[in-house]
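Analysis of the macromolecular model
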Amino acid sequence: MKQTTTASADRAAALQELVALQREHKVDSSGRLRAAVLGANDGLVSNVSLVMGMAGLGPPPGVVLMAGLAGVVAGALSMALGEYVSVSVQRESFESLIELEKREIALNPAHEQHEIAVIYRAKGIPSADAERLAAQVMGDPQVTLDLMAREELGLNPDELGAPIAVALSSMAAFAAGATVPVLPLLFLPVETAAPASAILTVLALLVTGGATAQMIGRPPLRGALRLALLGAVAAAVTNLAGRLAGSFSSGM
């Protein structure tokens, strides 16, 4: 009895230490950070392209502003819906895999114990020790499932994705990014607002590109310039397309 109590205490202490270690090296596996970064960048690039394309057409006053505002709302809702569906399907797929593993542990424990021993042997643990450890792990079905999910399936059962949180992050980030190209249109005529919108968006892309690169350990300057260049090209191409479309319409 004393030995069992000691083992339980050792396990609890090990779990606490593991949680502390994971906190030190915390990685956002929920998808919220990715959704926020992609949403902001997508909002900037897609809406400046829309604004510049509409401005190139030379429409009546107010049309470009309304198009830009529509782009903010429609894009944010589209991003949120897309992320929600994507993360939900991914989470359900992971849950199905874990549930299948749970059934295999219950129906064929000998085979699962052999797999655990193989995992330990692959990590360099001698065969005899690996077999002994595998037998100990099989004594607790929850520990067995957690280990197999992590080692065999490559999943973290505690972080399979948060669809609602990811959708909200994506929607908010897209809306924030997409609002930037619209701001000059609120105060300036289209002729002046269009280039101001492009410049403001490129500056914002410099910031987001640099921040994104720094977060993943890449050179910030390179990330900033790359994203800003892509945004500038998108704005220029769509503005040219709008001008060509406007000229064609006028000619007809």
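This report concerns the structure included in the present document.

What counts as what
- Residues numbered from 1 in each chain as written.
- Predicted model: local features only at pLDDT ≥ 70, side-chain atom pairs only at ≥ 80, totals over all residues.
- Heavy atoms only, no water.
- 1 Å grid on protein atoms, 1.4 Å probe; cavity = no way out; pocket = protein on both sides within 12 Å on 5 of 7 lines; lining within 4 Å.
- Points joined across faces, edges and corners; volume = space filled by probe spheres on them.
- Helix = DSSP H or I, 4+ residues; strand = E, 2+ residues; numbered from the N terminus.
- Nonpolar A, V, L, I, M, F, W, Y, C, P; charged D, E, K, R; others polar.
- Core = buried A, V, L, I, M, F, W, Y, C linked by side-chain atoms within 4.5 Å.
- Buried < 20%, exposed > 50% of the residue type's maximum accessible area, 1.4 Å probe, protein only.
- Contact = heavy atoms within 4.5 Å.
- Expected span 1.5 Å × (residues − 1).
- Patch = residues over 30% accessible without salt bridge, like charges linked within 9 Å, V, L, I, M, F, W, Y side chains within 5 Å.
- Areas by Shrake-Rupley, 256 points an atom, 1.4 Å probe, with all protein chains shown as cover.
- Salt bridge = Lys/Arg side-chain N within 4 Å of Asp/Glu carboxyl O.

Side note on the layout of surface pockets
By volume, the second largest pocket amounts to about 220 Å³. Around the second largest pocket, the lining residues are Asn41, Gly209, Thr212, Ala213, Ile216, Arg218, Pro219, Arg222, Gly223, Arg226, Leu227 and Leu230. Sorting the residues of the lining of the second largest pocket by element identifies helix 8 (190-215) and helix 9 (220-251) as the ones contributing at least two each. Take the lining of the second largest pocket: its biggest share by element is 5 residues, from helix 9. In terms of residue class, the lining of the second largest pocket is built from 5 nonpolar, 4 polar and 3 charged.

Let's talk about the nonpolar core
Ile98, Ile116, Tyr120, Val137, Leu147 and Met148 are the most contacted members of the largest nonpolar core, which has 16 residues in total. Every residue in contact with Val137, bar those within four places of it in the chain, is listed here: Ile116, Tyr120, Val143, Thr144 and Leu147.

Here we look at helix 4 (residues 109-122)
It helps to recall that an α-helix has 3.6 residues per turn; residues three or four apart then point in one direction. The terminal C-alpha atoms of helix 4 lie 20 Å apart, and with 14 residues this matches the ideal 20 Å at 1.5 Å per residue to within 8%. Among the residues of helix 4, Glu112, Glu115, Ile116, Ala117, Ile119 and Tyr120 are the ones counted as buried. Summarising the contacts, the buried residues of helix 4 are in contact with helix 3 (63-107), helix 5 (127-137) and helix 6 (141-151). Just beyond helix 4, the residue with positive phi is Gly124, at close to 100 degrees.

Some points on the environment of Gly210
Inspection of the secondary structure puts Gly210 in helix 8. By relative accessible area, which is 10% here, Gly210 ends up buried. As for Gly210 and Ala224, which are separated by 14 residues in sequence, their C-alpha atoms are 4.2 Å apart. When neighbours within four sequence positions are excluded, Gly210 is seen to be in contact with Leu205, Pro220, Gly223 and Ala224.

Remarks on a nonpolar patch on the surface
A cluster of nonpolar side chains, namely Leu81, Tyr84, Val85, Val89, Ile164 and Leu168, defines an oily patch on the protein surface of about 580 Å² accessible area. At the level of elements, helix 3 and helix 7 (163-179) are the ones that each hand at least two residues to the nonpolar patch. If one sorts the elements of the nonpolar patch by residue count, helix 3 sits on top with 4 residues. Structurally, Val85 can be placed in helix 3. Judged by relative accessible area, Val85 falls into the partly exposed class, the value being 44%.

Function-wise, these values are silent; they only describe arrangement.
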